Amino acid sequence: MTFSNAQSLRTQRRPAIIRACGLGLALALTMPCLAASAAPPGTQSAATAQSKLSHVDFKRGDGGAGRLVLRFEGEGVAPDLRNQDGSVVVDVANATLPAELQRSLNVVDFATPVQRIDAKPYAGGTQLVLSTRGAYESLAYQTGNEYVVEISPRATAALGAVNAGTVARAQAQAGKQGYSGRPVTFNFQDVPVRTVLQLIAEESNLNIVASDTVQGNVTLRLVNVPWDQAMDIVLRAKGLDKRRDGSVIWVAPQPELAAFEKAREDARIDLENRVDLITDYIQVNYHSAAAIFKALTEARGIGGQGGGGGGGGEQENGFLTQRGRIVADERTNTLMISDIPKKVAQMRELINVIDRPVDQVLIESRIVIATDSFARDLGARFGIQGREIGNNYRVISGSLENNTNIIENNEYEIPGGLNFNLPATTANGVNVGALAYTLLGANFAIDIELSALQQEGRGEVLSNPRVVTSNQREAVIRQGREVGYVTLTGGGTTGAVTPNVQFKDVVLELKVTPTITSDDRVFMAVHVTKDEVLRYIDTSIGQVPEIATREINTAVLVDDGQTVVIGGVYEFTDANSVSKVPFLGDVPFLGALFKKKSRSKEKAELLIFLTPKVMRVEKRA
């Protein structure tokens, strides 16, 4: 294991150490070139012949970055990345390009800075040109025979802008990506990972502890990349991970870190399993102990009811440990909890949060039914009765029965003798105004009556139910009666019919569920029903009620103390009718004596007003 203590280095020694590291890296980078120049020509051509590009893949990465992944077959592959005329060029001098990979890829649909990728043979090797659009940043790293190039959008609109606004935008973009380290530039070819971690420790002023299992080399080309992002790239390329504790970072392979954390968690659980259990009694004041018990025990893994009693990480699952138990006493509204002290304290804190007084809401409602009616009726009655005595009797009246009475009794009857009878009438039996005229002779009688009626009515029915309920609890208030009616059952093969009396509710009902929001408003789910018996219909088995039902089901958000109209039903009826004697009723002016005209208008409107008022029962912190 290697321990890099960057903070313990003295200030005057750091330039010397950096220069020494730089010299070592320069020597390490020049050694492959010297070895290649000293190698026989046949050896170099053999290595080149053994390496080729076997796979080219492009995908979209985080933050809209384009990622090009190259895989090679053979050893000694050394790609080189450079920027040229707005494009990113990757040269692989010692790898051939198969014919099936010599093509162009259009990657515009990936929505990254990369628009096109051209792969072609070049100078005995391979060249890939990535055509880009807009400002971008490029980086590349190599792991074994896999080479990855990432092209990401640049955080600022223009390089070199140093004004305050540009710096603020760059810092905000870095904060969104999660990296805030100082930018660094690395260009390494096949450098040990431990050496790169040493350089990152120098740049970050952090202590980095590398496990003995951290091995291997990496090829990097990073330009102006935050050091913490560069560290993540190196760790990801080599299958490593890190854990930070203050100013110390531990770097190790991912399986090693996972095994360490699992062993530490198993040790903690094993220690808790040896702790003595305690029992605590928690008095529930404003809630139901049975309801809290149900909510806690229905949670996955509570106590011994969780997922199965396995070992390791399954020993603790849910609100209590595997050995924990909870019991609710409904008589005293008390919860009894048995578990380790830490869990009992957590449960007491949780129940204290749940067991609090709940605010209440007073809901005042006004249900108004306004009616307005108008009716006008004009009518007339007309009759001619007479007789002539000669060789034969001649009698005229409004009916044969009245003719017979005139012949036999010499009596003129009204209204039996009227030729037409169309007086003004009303549905409620109100007397109408009329003007009558009778002309009576020795052998004849003429009767005329004109009647007229106009009715106007206005009415208002007001209901004012009120109800108080707790927050998020449904409240119901009902007022009304049950109307009975008779039904018949049976009448099958036996022919026996049994009368039954059934009842129908005719009520005014208000159902409301209020929810108090954090900004002192009330969200209400409201259901209002208003029934009314209009009339009774006569049937062969009795009377059946005809019921008018008005119903509203809605949800509304209202300020505390504000009145809102949640619904309105408007009904309007306008009817005209004419009854007349044919031909005579169409005569101008005089036709009014031979017809009846009626007109009626009815208006009805239902309005429901709601006013919620919050009743605080606990002061807010």
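Look above for the structure.
Residues numbered from 1 in each chain as written. Predicted model: local features only at pLDDT ≥ 70, side-chain atom pairs only at ≥ 80, totals over all residues. Heavy atoms only, no water.

## Quick look at the overall build of the protein chain
Step number 1: For the protein chain, the helix and strand inventory stands at nine helices and 30 strands.
Step number 2: Within the protein chain, the proportion of its 621 residues that are buried is 33%.
Step number 3: Residue pairs at least 24 apart in sequence account for 63% of intrachain contacts in the protein chain once pairs closer than 6 positions are excluded.
Step number 4: With the model as given, the accessible surface of the protein chain reaches about 35900 Å², and the carbon-plus-sulfur share is 52%. (Helix = DSSP H or I, 4+ residues; strand = E, 2+ residues; numbered from the N terminus. Buried < 20%, exposed > 50% of the residue type's maximum accessible area, 1.4 Å probe, protein only. Contact = heavy atoms within 4.5 Å. Areas by Shrake-Rupley, 256 points an atom, 1.4 Å probe, with all protein chains shown as cover.)

## Overview of the nonpolar core
Step number 1: Residues Val196, Leu197, Leu220, Leu222, Met231 and Val251 are the most contacted members of the largest nonpolar core, which totals 32 residues.
Step number 2: Listed by contribution, the elements that provide at least two residues to this core are β9 (136–143), β11 (183–192), α4 (193–204), β12 (207–210), β13 (217–226), α5 (227–237) and β15 (248–253).
Step number 3: Among the elements that make up this core, the one with the highest residue count is α5 (seven residues).
Step number 4: Looking at this core, you find at least three residues from each of domain 1 (51–153) and domain 2 (183–270).
Step number 5: Core analysis: the second largest hydrophobic core is formed by 25 residues, Val56, Ala95, Leu97 and Ala140 among them. (Core = buried A, V, L, I, M, F, W, Y, C linked by side-chain atoms within 4.5 Å. Domains from an automatic or database assignment.)

## As for the sheet that holds strand β16 (residues 278–283)
Step number 1: What the three strands build is an open sheet, ordered β16-β18-β17; its pairing is antiparallel. Strands at the two margins of the open sheet, each flanked by one partner only, are β16 and β17 (325–329). With direction set aside, neighbouring strand axes in the sheet form an average angle of 15°.
Step number 2: With six bridges connecting them, β16 and strand β18 (residues 334–339) associate as antiparallel partners. In the sheet register, Ile278 faces β18, and the bridge partner there is Asp339.
Step number 3: This element, helix α7 (residues 289–297), spans β17 and β18 of the sheet and lies at about 155° to β17. (Pairing = 2+ DSSP bridges. Axes fitted to C-alpha atoms, helices over the stretch in contact; angles between N-to-C directions.)

## Some details on α5
Step number 1: Burial analysis of α5 places nine of its 11 residues in the buried class, which makes it a mostly covered element.
Step number 2: By the burial criterion, the buried members of α5 are Trp227, Asp228, Gln229, Ala230, Met231, Ile233, Val234, Leu235 and Ala237.
Step number 3: Immediately downstream of α5, the backbone of Gly239 shows phi near 70°, a positive value.

## Side note on the sheet that holds strand β27 (residues 521–539)
Step number 1: Spatial strand order, β25-β26-β27-β28: four strands in an open sheet with antiparallel pairing. Strands at the two margins of the open sheet, each flanked by one partner only, are β25 (475–490) and β28 (542–559). Ignoring strand direction, the axes of neighbouring strands in this sheet form an average angle of 15°.

## Quick notes on the packing of α4 against α5
For any two helices packed against each other, the geometry is given by the interaxial angle and the distance between the axes.
Step number 1: Packing of α4 against α5 leaves a shortest axis separation of 10 Å and a crossing angle of 165°. If you check the angle between α4 and α5, you find them roughly antiparallel. The two elements α4 and α5 meet at a crossing, and its hand is left-handed. Facing Val193, Val196, Leu197, Ile200 and Ser204 of α4, the residues of α5 in contact are Trp227, Ala230, Met231, Val234 and Leu235.
Step number 2: When grouped by side-chain class, the residues that make up the contact of α4 with α5 number nine nonpolar, one polar and no charged. (Parallel < 35°, antiparallel > 145°, perpendicular 65-115°, else oblique. Left-handed = near helix turned anticlockwise from the far one by under 90°. Nonpolar A, V, L, I, M, F, W, Y, C, P; charged D, E, K, R; others polar.)

## A short note on the side chain of Asn402
Step number 1: Topologically, Asn402 is positioned in helix α9 (residues 400–409).
Step number 2: Using a relative accessible area of 2% as the deciding quantity, one classes Asn402 as buried.
Step number 3: For Asn402, the side chain forms a polar contact with the side chain of Gln385, separated by 2.7 Å.
Step number 4: Excluding residues within four positions of it along the chain, Asn402 makes contact with Gln385, Ser397, Glu411, Glu413, Gly416 and Gly417. (Polar contact = N/O pair within 3.5 Å; in protein donor to acceptor, adjacent residues only side chain to side chain.)

## What about a nonpolar patch on the surface?
Step number 1: The grouping of Val486, Leu488, Val497, Val501, Phe503 and Ile541 at the surface amounts to a nonpolar patch, some 520 Å² of accessible area in total.
Step number 2: Of all elements in the fold, only β25 and β26 (497–516) reach the threshold of two or more residues within the nonpolar patch.
Step number 3: Top contributing element to the nonpolar patch by residue count: β26, with three residues.
Step number 4: As for its placement among the helices and strands, Leu488 is situated in strand β25.
Step number 5: Classification of Leu488 by relative accessible area gives partly exposed; the value is 45%. (Patch = residues over 30% accessible without salt bridge, like charges linked within 9 Å, V, L, I, M, F, W, Y side chains within 5 Å. Salt bridge = Lys/Arg side-chain N within 4 Å of Asp/Glu carboxyl O.)

## Regarding the pattern of salt bridges
Step number 1: One pass over the full model with this rule turns up 30 salt bridges.
Step number 2: Across the pair Arg67 and Glu150 runs a salt bridge, and its minimum N-O distance is 2.7 Å. Here the residue Arg67 occupies a position in strand β3 (residues 66–73), and Glu150 occupies one in strand β10 (residues 146–153), the gap between them amounting to 83 residues.
Step number 3: Overall, Arg67 belongs to the partly exposed group, its relative accessible area being 21%.
Step number 4: In this structure, the salt-bridge partner of Arg521 is Asp519, at a minimum N-O distance of 3.1 Å.
Step number 5: Assessed through its relative accessible area of 30%, Arg521 is described here as partly exposed.
Step number 6: The structure contains a network of salt bridges with shared partners spanning Arg67, Glu150 and Arg236.

## Observations regarding the packing of aromatic side chains
Step number 1: Overall, the coordinates contain three aromatic pairs when judged by the stated rule.
Step number 2: When the ring of Phe382 is compared with that of Phe594, the centres are 5.5 Å apart and the planes differ by 65°; the resulting orientation is edge-to-face. Of this pair, Phe382 sits in strand β19 (residues 360–388) while Phe594 sits in the loop between β29 (564–580) and β30 (595–615), and the two are 212 residues apart along the sequence. For the pair Phe382 and Phe594, a shared accessibility class is recorded, and that class is buried. (Phe/Tyr/Trp six-rings, centres within 6.5 Å; stacked < 30°, edge-to-face > 60°.)

## Looking at the environment of Lys595
Step number 1: Position of Lys595 among the secondary structure elements: in strand β30.
Step number 2: Judged by relative accessible area, Lys595 falls into the partly exposed class, the value being 25%.
Step number 3: Considered as a pair, Lys595 and Leu584 are 11 residues apart in the sequence and their alpha carbons are 8.5 Å apart.
Step number 4: Those residues in contact with Lys595 that sit more than four places away from it in its chain are Leu378, Gly379, Ala380, Leu422, Ser579, Lys580 and Gly585.

## Let's talk about unusual backbone geometry
Step number 1: The phi dihedral of Asp85 falls on the positive side, at around 55°, and the residue is not glycine.
Step number 2: When you line up the elements, Asp85 lands in the loop between β4 (80–84) and β5 (87–92).
Step number 3: The exposure class of Asp85 is exposed, given its relative accessible area of 75%.
Step number 4: You will see that Asn205, though not glycine, has its phi angle at about 55°, which is positive.
Step number 5: Tracing the backbone shows Asn205 in the loop between α4 and β12.

None of this, on its own, says anything about what the molecule does.
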